[in-house]
Amino acid sequence: ITIDGEDAKDFDDAVYAEKINDKEWKIIVSIADVSFYIKENSILDKKAKLRGNSIYFPNMVIPMFPEEISNNLCSLRENEKKLCLSVEIKITNDGKKISHKFYKSIIKPKKRFTYQQIEELINSNFSNKTNHNKKLLTSIKHLYHVYKILKKQSIQRGCLNLKISDKIFLFDNTHTSLEVKEIESSESHQLIEEFMILANVCAAEEISKVDNENVYRVHEKPSPEKINDLIKFIGSPYDKMLKNKISTTTFNYIIKKLEKEKGVQSVNQIILRSQSQAKYNNFNKGHFGLALKNYVHFTSPIRRYSDLLIHRKLNQIINDFSQNNNNSKDNLKSICDHISKTERIAVQAERKTSDRMISYIYSKKINEKFTGCIISTKKFGVFVSINNGLAEGLIQKKHLPKDIYIFNEKNETLKGINNGIVFRTGLMLLVSIRETDILNGNLSLNYLKLI
């Protein structure tokens with residue numbers, strides 16, 4: 001089956017699980033074989049390399065490949081035979097991987113599910129109110145059982161446990177944004193994430209058997225500067241923990257302890273801001289956030305050029321190196337640098353578009369009151385996250401309670417000389433919308449009172 005968002009059109013992956021015996025499970029992750037159609041150095045390949053990735057805006061997509069390829073030819077649509085690169089994985093009940101095997105395949109997805117449909121089945125304990133085929137329902141139960149095994153193993157190895165909500169925009173018939181809402185990560189989303197992470201790990205291990213240089217997805221430890229910024233927010237006694245050992249286990253402990261004190265969104269946002277940016281590298285530096293030593297992107301070749309390169313490497317292994325590899329070591333480095341850059345450009349474009357839409361939505365909410373949390377303190381004012389992280393705005397220093405404020409650069413605080421108020425990261429406020437700048441995607445806020 002495939003499990004994707006309700007408005008998805010390009011389906012990269014299909015998943016399957018079955019019980020072998022009381023101790024073992026078999027998993028199959030099948031990924032669209034884009035490499036069969038997109039030959040190296042073809043015009044389509046060069047164009048895709050230039051773009052680096054698809055760009056996803058709230059109401060449209062700029063695909064890496066023409067839509068005939070991304071939404072039709074390669075997309076794993078329900079009851080249509082499609083070419084895939086599959087990995088069959090065997091694990092134990094405690095999540096230990098026994099084996100994996102990559103092979104070319106032709107699959108016909110039995111059913112296209114949305115995350116919401118799978119979530120409803122999970123919440124109903126798989127009661128068959130929708131009259132699904134009995135074998136299909138059993139298969140989904142198996143997927144869920146394996147997910148729970150993989151999730152437990154992920155927690156045990158110390159995967160960074162950030163609870164960051166996503167945003168969804170609602171539009172009217174003229175494509176004008178009406179509202180923005182929070183979407184929490186559901187178990188159906190996490191199910192697919194865990195299966196994709198496992199498949200990516202298998203791909204990394206398979207390629208590492210024959211080649212040390214590769215298109216690795218790396219995520220390094222936070223820099224000392226970012227750790228110092230985090231320490232300013234969390235203070236004692238957690239500052240000593242971070243100075244002694246920077247690890248995902250330490251971060252997870254801090255998140256759990258501080259969530260009740262400072263709120264889930266504020267803590268998770270601050271921890272997220274302290275992390276290094278994930279990127280592509282031809283040398284393996286591990287993935288800090290996932291607590292993995294060996295990681296690549298394999299599961300989304302329709303929308304990421306990095307994954308297409310991994311598919312080509314795996315095809316060479318399957319074909320016993322019968323194909324020539326034109327990527328020299330120097331060229332591999334330049335490709336990694338390039339697709340890391342295109343990813344950053346795409347993220348910036350996506351964020352800027354979201355900021356503009358949010359600014360437009362909040363332009364209808366002038367003078368409305370919101371609870372906010374300071375996420376950054378500067379000489380000229382404080383940046384505040386409002387509405388549970390849905391939006392961010394600036395309270396300029398001149399709009400704080402009337403006083404002379406001294407900025408402490410070391411501690412990143414603004415302190416009033418007469419009123420004694422100290423504005424710092426993590427402080428909770430009541431604010432209102434002052435004005436909006438839709439073109440630049442900015443919100444200006446009024447300070448009302450401390451909470």
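In this report, we go over the structure that sits alongside the text. The model shown is predicted, which means the values in this text are computed figures rather than measured ones.

Details of the overall build of the protein
Part 1 of the reasoning: Regarding its fold elements, the protein presents twelve helices and 20 strands.
Part 2 of the reasoning: A compact globule built from 451 residues should have a C-alpha radius of gyration of about 22 Å, and the protein, at 24 Å, falls within 12% of that.
Part 3 of the reasoning: Principal axes of the C-alpha set define a box for the protein whose edges measure 75 × 50 × 50 Å.
Part 4 of the reasoning: Burial status across the protein gives 49% buried among its 451 residues.
Part 5 of the reasoning: Accessible surface computed for the protein: about 23200 Å², of which carbon and sulfur atoms make up 49%.
Part 6 of the reasoning: Taken as two groups, the 72 positive and 52 negative side-chain charges of the protein have centres that lie 3 Å from each other.

Some details on a nonpolar patch on the surface
Part 1 of the reasoning: Together, Ile168, Leu170, Leu178 and Ile183 give the surface a local cluster of nonpolar side chains, amounting to about 300 Å² of exposed area.
Part 2 of the reasoning: Breaking the nonpolar patch down by element, the ones donating at least two residues are strand 9 (166–171) and strand 10 (177–183).

Section: the pairing of strand 7 (residues 97–107)
Part 1 of the reasoning: Bridging between strand 6 (residues 82–92) and strand 7 involves ten bridges; their strand directions are antiparallel. By the bridge assignment for strand 7, Ile89 is matched with His100.
Part 2 of the reasoning: In this structure, the hairpin formed by strand 6 and strand 7 is closed by a connection of four residues, where Gly95 is found at a positive phi of approximately 90 degrees.

Regarding the layout of surface pockets
Part 1 of the reasoning: As a volume, the second largest pocket reaches approximately 340 Å³.
Part 2 of the reasoning: Lining the second largest pocket are 17 residues, and of these Ile1, Val15, Tyr16, Lys108 and Lys110 lie nearest its centre.
Part 3 of the reasoning: Of all the elements in the fold, those that place two or more residues in the lining of the second largest pocket are strand 2 (13–19), strand 3 (24–32), strand 7 and helix 5 (134–157).
Part 4 of the reasoning: Tallied by class, the residues present in the lining of the second largest pocket amount to nine nonpolar, five polar and three charged.

Some thoughts on the environment of Asp45
Part 1 of the reasoning: By the element assignment, Asp45 lies in helix 2 (residues 43–51).
Part 2 of the reasoning: Along the chain, Asp45 and Lys245 lie 200 residues apart, while their C-alpha atoms are 44 Å from each other.
Part 3 of the reasoning: The contacts of Asp45, once residues within four sequence positions are left out, are Ile38, Lys39, Glu40, Tyr305, Leu308 and Arg312.
Part 4 of the reasoning: Only 3.0 Å separates the side chain of Asp45 from the side chain of Arg312, close enough to count as a polar contact.

Quick notes on the nonpolar core
Part 1 of the reasoning: Membership of the largest hydrophobic core comes to 67 residues, with the highest contact counts inside it found for Ile1, Val29, Phe195 and Phe298.
Part 2 of the reasoning: Per element, the largest residue contribution to this core is ten residues, and it comes from helix 6 (residues 187–208).
Part 3 of the reasoning: Once residues lying within four places of it in the same chain are set aside, the contact partners of Val29 are Ala14, Val15, Leu85, Ser86, Val87, Phe195, Met196 and Ala199.
Part 4 of the reasoning: Counting 25 residues, the second-largest nonpolar core is a separate cluster that includes Met357, Ile361, Tyr362 and Val384.

Focus on the environment of Ile69
Part 1 of the reasoning: Positionally, Ile69 belongs in helix 3 (residues 67–73).
Part 2 of the reasoning: Exposure remark for Ile69: the relative accessible area of 10% places this residue in the buried category.
Part 3 of the reasoning: Between the C-alpha atom of Ile69 and that of Ser363, which follows or precedes it by 294 residues, the distance is 39 Å.
Part 4 of the reasoning: Non-local contacts of Ile69, meaning those with residues more than four positions away in its chain, are made with Ile38, Leu44, Cys74 and Ser75.

As for the pattern of salt bridges
Part 1 of the reasoning: What the rule picks out here adds up to twelve salt bridges.
Part 2 of the reasoning: For the salt bridge of Lys82 with Glu80, the shortest nitrogen-to-oxygen distance reads 3.1 Å.
Part 3 of the reasoning: Here the salt bridges share partners, and the residues they tie into one network are Arg77, Glu80 and Lys82.

Observations regarding the sheet that holds strand 16 (residues 405–408)
Part 1 of the reasoning: Across the sheet, three strands lie side by side as 16-17-18; this open sheet has antiparallel pairing. A single partner strand is all that each edge strand has here, and the edge strands are strand 16 and strand 18 (422–423).
Part 2 of the reasoning: As paired elements, strand 16 and strand 17 (residues 413–416) share four bridges and run antiparallel to each other. Looking at strand 17, one finds that Asn408 is bridged to Thr413.

Topic: the packing of aromatic side chains
Part 1 of the reasoning: A full pass over the atoms with the stated rule returns ten aromatic pairs.
Part 2 of the reasoning: Their ring planes at 85 degrees and their centres at 5.5 Å tell us that Phe102 and Phe298 sit as a pair that is edge-to-face. In this pair, Phe102 is assigned in strand 7 and Phe298 in the loop between strand 12 (279–281) and helix 11 (305–318), connecting sequence segments 196 residues apart. Residue Phe102 shares its accessibility class with Phe298, and that shared class is buried.
Part 3 of the reasoning: Cluster of aromatic residues (ring-pair linked, three or more members): Phe126, Tyr144 and Tyr147.
Part 4 of the reasoning: Across the ring face of Tyr280, the terminal group of Arg217 is positioned such that the distance to the ring centre comes to 4.6 Å.
Part 5 of the reasoning: When the ring centre of Tyr362 is taken as origin, the NZ or CZ atom of Lys365, which lies over that ring, is 5.8 Å away.

A few points about the sheet that holds strand 3
Part 1 of the reasoning: On the basis of which strands lie adjacent, the open sheet formed by four strands has the order 2-3-6-7 and antiparallel pairing. Each edge of the open sheet is held by one strand with a lone partner, namely strand 2 and strand 7. Going from strand to strand, the sheet's axes swing by 20 degrees on average, the running direction of each strand aside.
Part 2 of the reasoning: Strand direction decides the pairing type here: strand 2 and strand 3, joined by seven bridges, are antiparallel. Each residue of the ladder has a partner; that of Val15, found in strand 3, is Val29.
Part 3 of the reasoning: Relative to the sheet, helix 6 contacts strand 2, strand 3, strand 6 and strand 7, its axis offset from that of strand 7 by approximately 95 degrees.
Part 4 of the reasoning: Sheet strands touched by helix 11: strand 3, strand 6 and strand 7. Its angle to strand 7, the strand with the most contacts, is close to 95 degrees.

Details of the packing of helix 5 against helix 6
Part 1 of the reasoning: Closest axis-to-axis distance for the helix 5/helix 6 pair is 9 Å, and the angle between their directions is 70 degrees. Put simply, helix 5 runs roughly perpendicular to helix 6. Facing Leu143, Tyr144, Val146, Tyr147, Lys148, Leu150, Lys151, Ser154 and Arg157 of helix 5, the residues of helix 6 in contact are Glu187, Gln190, Leu191, Glu194, Phe195, Ile197 and Leu198.
Part 2 of the reasoning: Residue composition of the contact of helix 5 with helix 6, grouped by class: nine nonpolar, two polar and five charged.

Rules used throughout
- Residues numbered from 1 in each chain as written.
- Predicted model: local features only at pLDDT ≥ 70, side-chain atom pairs only at ≥ 80, totals over all residues.
- Heavy atoms only, no water.
- Helix = DSSP H or I, 4+ residues; strand = E, 2+ residues; numbered from the N terminus.
- Rg over C-alpha atoms; globule rule 2.2 N^0.38 Å.
- Buried < 20%, exposed > 50% of the residue type's maximum accessible area, 1.4 Å probe, protein only.
- Areas by Shrake-Rupley, 256 points an atom, 1.4 Å probe, with all protein chains shown as cover.
- Lys, Arg positive; Asp, Glu negative; His and termini not counted.
- Charge placed at Lys NZ, Arg CZ, Asp CG, Glu CD.
- Patch = residues over 30% accessible without salt bridge, like charges linked within 9 Å, V, L, I, M, F, W, Y side chains within 5 Å.
- Salt bridge = Lys/Arg side-chain N within 4 Å of Asp/Glu carboxyl O.
- Pairing = 2+ DSSP bridges.
- 1 Å grid on protein atoms, 1.4 Å probe; cavity = no way out; pocket = protein on both sides within 12 Å on 5 of 7 lines; lining within 4 Å.
- Points joined across faces, edges and corners; volume = space filled by probe spheres on them.
- Nonpolar A, V, L, I, M, F, W, Y, C, P; charged D, E, K, R; others polar.
- Contact = heavy atoms within 4.5 Å.
- Polar contact = N/O pair within 3.5 Å; in protein donor to acceptor, adjacent residues only side chain to side chain.
- Core = buried A, V, L, I, M, F, W, Y, C linked by side-chain atoms within 4.5 Å.
- Phe/Tyr/Trp six-rings, centres within 6.5 Å; stacked < 30°, edge-to-face > 60°.
- Lys NZ or Arg CZ within 6 Å of the ring centre and 35° of its normal.
- Axes fitted to C-alpha atoms, helices over the stretch in contact; angles between N-to-C directions.
- Parallel < 35°, antiparallel > 145°, perpendicular 65-115°, else oblique.

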